[in-house]
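Descriptive analysis of the structure
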Amino acid sequence: MSKKQSILLCGLFLLFLAVFSLLNLFWPDREFSEMENRTLASNPPFSFQALFSGQWTTDYETYLTDQFPLRDTWVGIKYVCERAMLRQENNGIYFADGGRLIARFDQPDEARVEQNFQAVEALAQNTGLPTRFVLVPTTAYIYQEDLPKNAPSYDQQQLFDRASQLHTAQYIPVNDLLMEHKEDYIYYRTDHHWTTDGAYLAYQAYMQAVGRQSEILTQEELEEVRQVTPGFYGTLYSQAGARFYEPDTITWYDFPGLTMQEPDKEAVSIYDRSYLDKKDKYSLFFGGNPPVFTIRNDDPEAHGTLLVVKDSFANSLLPYLAESYQEIHVFDPRYNRMPISQYAQQCGADEILVLYQTANFAEDANVGLLSR
C-alpha cells in the first residue's frame, strides 16, 4: 500500500470516528428496543468513586453500545455479513434448516441441575400437597436433525431421565408426546417458546395425570373462542439479529369468565391486548411475567385451587387449565422471594404444578428457592 493510500485510509477512518462521535452527542437516547425486546442502558451518573472502581467506565461502555446511532441497522448488516460468510450461528442462536432459529443449549452445571431437582422434591415434601412436575424440551431437542452439522447441543434426555427418578413429586413426561407431533406447528420458528398447540398437548397430559380427562377442552370448543395474531417475531429473531425470516402467528383463546389479579390491583382480562400492536406479542399472555397473580373462573362448575410455579412457558398453557380450576395462583420465583411453601399455605392450594423449560430449569439459580 502506498503512502497516499495509507493517508487516505487513515483519513476516512478518522472521518468515520468524527461523524459518529458527533452523532452520539446529538442522537436521542432510546429507553427500549422493539427489535431486541429489551430495555437499553441509560447514561450512568458520574462519581469519582464509580470512576476509580471501574464501574462507571463499564456502565458507560454498555451505554454507548446500546445507544449507538442506527444500532438496529448495524445489527442487521452484521447478520447479512455472517450469513454471507456461511456462518451457522450468531449470539448463541443457530440458523437451522426449515427457516427455524434454535437457541444453543450447552452443558449445564451438574451441581446446579441436581440442586434444582432436589428443590422440586423438597417443595412436595414441605407442603404435603400433590405436586406434579413438567419439563418442556427446547427446540434443540425436538428439531435436533435441523441443527447445523456438528453443532454442539446438550443431550436433554439426561434431564428427562433424572426427572423420572423423582419420588415425592410426580413427573409428567411430555417430550415424547411433543416429538410425535413435531411436524405440527407446536413451536414458534423465531421464538424459543412453544405455541398454544404445543401447550395444548402438555395440557392434555396433565389433565389425564390428575384424573380430570373428561374436562379436556375439545377442538370444537376451542374453535368457538379462537383468535389469531399474525406478524410475531420472537426473542430468537432479536438475539440473532436475524432478517428475512417469515413471521410467526400466535393463536390464543378468548375464554369468557376468566380474570387475573395481581396483589393490590384490580382484576383484568388474562390477555393484555395492548401487546397485539407491539413486537413483544407473546406478552399478550398475562402482560408478561408478573411475580405473582391469581386467575379466577366465574363458572360455578370449575373447582379446585392450583398453585403453578413456573417460567414463561406456562403462560400459553394456563388459559386451558383455568377453564377447569376455580382459582389458579401463579408464582414466578425469578421475581418473587417469598418462601413458596408459605405461599402455598397462604393461598389455600389443593395441588401444585411446577413447569419449566429444560434450559431455564437447568440454569436458573432461582429454582433452588422451591426448597424454602
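Preceding this section is the structure that the text describes.
What you see is a predicted model, and the numbers here were worked out from it, not measured in a lab.

Cut-offs and rules
Here, residues in each chain are numbered from 1, in the same order as that chain's written sequence. Totals for whole chains, interfaces and linings use every residue, but because this is a predicted model, local features are given only for residues with pLDDT of at least 70 and side-chain atom pairs only at 80 or more, for both listing and counting. Side-chain metrics rest on all non-hydrogen atoms present in the structure, leaving aside hydrogens and water. Only protein atoms enter the 1 Å grid used here. Points where a 1.4 Å probe fits but cannot escape make up a cavity, open sets with protein on both sides within 12 Å along at least five of seven lines make up a pocket, and a residue lines them when an atom lies within 4 Å of a point. Grid points are joined across faces, edges and corners, and a volume is the space filled by probe spheres set on the points. Think of it this way: any DSSP run of H or I at least four residues long counts as a helix, any run of E at least two long counts as a strand, and we number them from the N terminus. Categorising residues by exposure relies on relative accessible area from a 1.4 Å probe, with only protein chains included: less than 20% of the type maximum marks a residue as buried, more than 50% marks it as exposed, and the intermediate range marks it as partly exposed. Think of it as the arc spanned by the lines of direction from the helix axis to the C-beta atoms. Paired strands are those between which DSSP finds at least two bridges. Any Lys or Arg side-chain nitrogen located within 4 Å of an Asp or Glu carboxyl oxygen qualifies as a salt bridge. Note on aromatic pairs: the rings of Phe, Tyr and Trp (six-membered ring only in Trp) are paired at centre separations within 6.5 Å, and the planes decide the class, stacked below 30 degrees, edge-to-face beyond 60, tilted for the rest. Only when the NZ atom of a Lys or the CZ atom of an Arg is both within 6 Å of the ring centre and within 35 degrees of the ring normal do we say a charge sits over the ring.

For the structure shown, the criterion picks out one cavity of 30 Å³ or more. Within this model, the largest cavity holds a volume of roughly 30 Å³. Residue lining of the largest cavity: Y185, T195, T196, D197, T249 and T251, and that is the complete set. Of all the secondary structure elements, the ones that give two or more residues to the lining of the largest cavity are helix 9 (196-209) and strand 9 (248-253).

As a further point, take helix 13 (residues 340-347). Turn by turn, an α-helix covers 3.6 residues, leaving residues three or four places apart pointing in a common direction. Inspection of helix 13 places I340, Y343, A344 and C347 among the buried residues, and these make up the whole buried set. Down the axis of helix 13, the buried side of the element spans an arc of 105°, and every buried residue falls inside it. Of the exposed residues in helix 13, the ones pointing more than 90 degrees away from its buried face are Q345 and Q346. At the exit of helix 13 stands G348, carrying a positive phi of roughly 70°.

Bringing the sheet that holds strand 5 (residues 100-103) into the picture now. The strand order 3-4-5 describes an open sheet built from three strands, whose pairing is antiparallel. Lying at the two open borders of the sheet, with one neighbouring strand each, are strand 3 (89-90) and strand 5. With four bridges connecting them, strand 4 (residues 93-96) and strand 5 associate as antiparallel partners. Bridging across to strand 5, A96 finds its partner in R100.

As enumerated under the stated definition, the model contains 12 salt bridges in all. A salt bridge links K310 to D332, with the nearest nitrogen and oxygen atoms 3.9 Å apart. On the criterion of sequence distance, the pair formed by K310 in strand 13 (residues 305-310) and D332 in the loop between strand 14 (327-331) and helix 13 is long-range, its members being 22 residues apart. Across the pair, exposure class does not vary: K310 and D332 are buried alike. Two residues, R334 and D332, come together in a salt bridge whose shortest N-O distance is 2.7 Å. Look at R334 and you get partly exposed, because its relative accessible area is 22%. Shared partners join several salt bridges into a network, and the residues in it are E89, R104 and D106.

Here we take up the packing of aromatic side chains. Summed over the entire model, instances satisfying the criterion amount to 22 aromatic pairs. One aromatic cluster is present, formed by F117, F133, Y171, Y356 and F361 through successive ring pairs. Over the face of the ring belonging to Y143 we find R100, whose NZ or CZ atom lies 3.8 Å from the ring centre. Looking at R212, its charged tip hangs above the ring of Y325, at a distance of 4.3 Å from the centre.

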